[in-house]
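Here is what each chain is made of, one letter per residue.
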Amino acid sequence: MKTAPPIVLTVAGSDPSGGAGLQADLKTIHQHGAYGAAVPTLITVQDSVEVGRVELLPVDLVRAQLSALLSDLAPAAAKAGALGSPETVRALGAVMEETPFSWVVDPVWLPSRGVPLSTGDTIAAYKDAVLPHAALLTPNASEAGALAEMPVRTLDDARAAAERIAAFGAEAVLIKGGHLEGADRGTDVLLHRGELDVLKADAIVPGRFHGTGCALSAAIASRIAFGVRLAAAVEGAKAWLAGALAHAFPVGRGAKPANHLWPLDEKP
Ligand code: PXL
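Throughout what follows, the structure given in this document is the object of discussion. (Residues numbered from 1 in each chain as written. Predicted model: local features only at pLDDT ≥ 70, side-chain atom pairs only at ≥ 80, totals over all residues. Heavy atoms only, no water.)

1. Overview of the packing of helix α7 (residues 212-225) against helix α8 (residues 230-246)
When two helices pack together, their arrangement is given by the angle between their axes and by how far apart the axes lie. Rules: Helix axes use the C-alpha atoms of the stretch in contact, all axes being lines fitted to C-alpha atoms, and the angles between their N-to-C directions lie in the range 0 to 180 degrees. Counting from the N terminus, the helices are the DSSP runs of H or I reaching at least four residues and the strands are the DSSP runs of E reaching at least two. Every angle not falling under 35 degrees, over 145, or within 65 to 115 is termed oblique; those three ranges are roughly parallel, roughly antiparallel and roughly perpendicular. In this scheme the handedness of a crossing depends on how the near helix is turned from the far one: anticlockwise by less than a right angle means left-handed, clockwise means right-handed. Here, residues are in contact when the closest pair of their heavy atoms is within 4.5 Å.
Between α7 and α8, the shortest axis-to-axis distance is 8 Å and the interhelical angle comes to 135°. If you check the angle between α7 and α8, you find them oblique. You can see that α7 and α8 cross each other, and the crossing is right-handed. Residues T212, A215, L216, A219, I220, R223 and I224 of α7 form the contact with α8, whose participating residues are L230, A233, V234, G236, A237, K238, W240, L241 and L245.

2. As for the environment of R90
Residue position: R90 is located in helix α3 (residues 86-98). Discounting chain neighbours no more than four positions away, the residues touching R90 are A124, A125, D128 and A129.

3. Focus: helix α4 (residues 122-130)
Using the following cut-off: Only protein chains enter the accessibility calculation, which uses a 1.4 Å probe. A residue is then buried if its area is under 20% of the maximum for its type, exposed if over 50%, and partly exposed in between.
Taken as a whole, α4 has its buried residues at T122, A125, Y126, K127, A129 and V130. Packed against the buried residues of α4 are α3, β5 (102-105) and α5 (141-148).

4. Concerning the pattern of salt bridges
Opposite charge on two side chains lets them pair, provided their charged atoms get close. Note the cut-off: The term salt bridge refers to a side-chain nitrogen of Lys or Arg lying within 4 Å of a carboxyl oxygen of Asp or Glu.
Overall, the coordinates contain eight salt bridges when judged by the stated rule. We note a salt bridge from K127 to E149, for which the minimum N-O separation is 2.9 Å. Note that K127 is positioned in helix α4 and E149 in the loop between α5 and α6 (155-166), a separation of 22 residues in sequence. Among the residues examined, K127 registers a relative accessible area of 10% and is labelled buried. Ionic pairing is found between D188 and K238, a salt bridge with its closest N-O pair at 2.7 Å. Separated by 50 residues along the polypeptide, D188 in strand β8 (residues 188-192) and K238 in helix α8 bring together distant segments of the chain.

5. Some details on the nonpolar core
Condition: Remark: nonpolar core denotes a set of buried residues (Ala, Val, Leu, Ile, Met, Phe, Trp, Tyr, Cys) joined through side-chain atoms within 4.5 Å.
Ranked by size, the top nonpolar core spans 43 residues in total, and within it L9, W103, V105, Y126 and I165 carry the most contacts. Per-element tally for this core: the top contributor is α6, with five residues. Among the nonpolar cores identified, the runner-up in size contains 31 residues, and V104, L216, A233 and L241 belong to it.

Read these as layout, nothing more, since geometry by itself doesn't imply function.
Structure follows, in structure tokens:
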């Protein structure tokens, strides 16, 4: 390899099962050919079935990790996953304000399986401190509803929620549709530069999965780190994830993680 790969930073929670969180992010970043750096924010006790316990790292420890890392390494892009508390959300927002690279933010506070990953008024903290500095926010329909203060059940709801969330300052918003009424499964809404696009899934893969949002946001950040423009990074990451889900395998008794080893250019 002649040139050094770009550095992609993830700030996220630990999932020891490797399906979500920091571990999924690092594998996704590596699979994209970038160099992964990682700041943990919280530790979960979990297997592939459920999240049993969540322990937050003290906010000053998260801040110290970021400060040491960023005084030495120069990421080309970053992503944020589970942050755990409004204090950590605000601490990250202050860091984002000072950094020259793009941040993809996956606002995670409720895992589909088990205990909440955040406490207190996390939603307000995201709005005040993080959204104004995010290149892209990637909520699912329920997170988008909480941020936009409206129910998000249909494709039209998702469009309206994306506009409301963008008004808090995020440059772009990708609402991961999942099961929106009036749309095929896996249809997402992307609001970017004032333009709304409806993105269909490359493949509809039946089954229950774990950590798909983590893999998607890490894949988008990795593509941005290589200089791919936002809309193309989102589309490319979605296509890669469709293959990674179509070729997922069980790692335990619970939901399957995406197959992080799935090659970048192969069709599902
Ligand atoms: O998929 C959301 C998520 C993010 N981060 C951590 C998680 C989960 C879901 O379980 O455990 C650490």
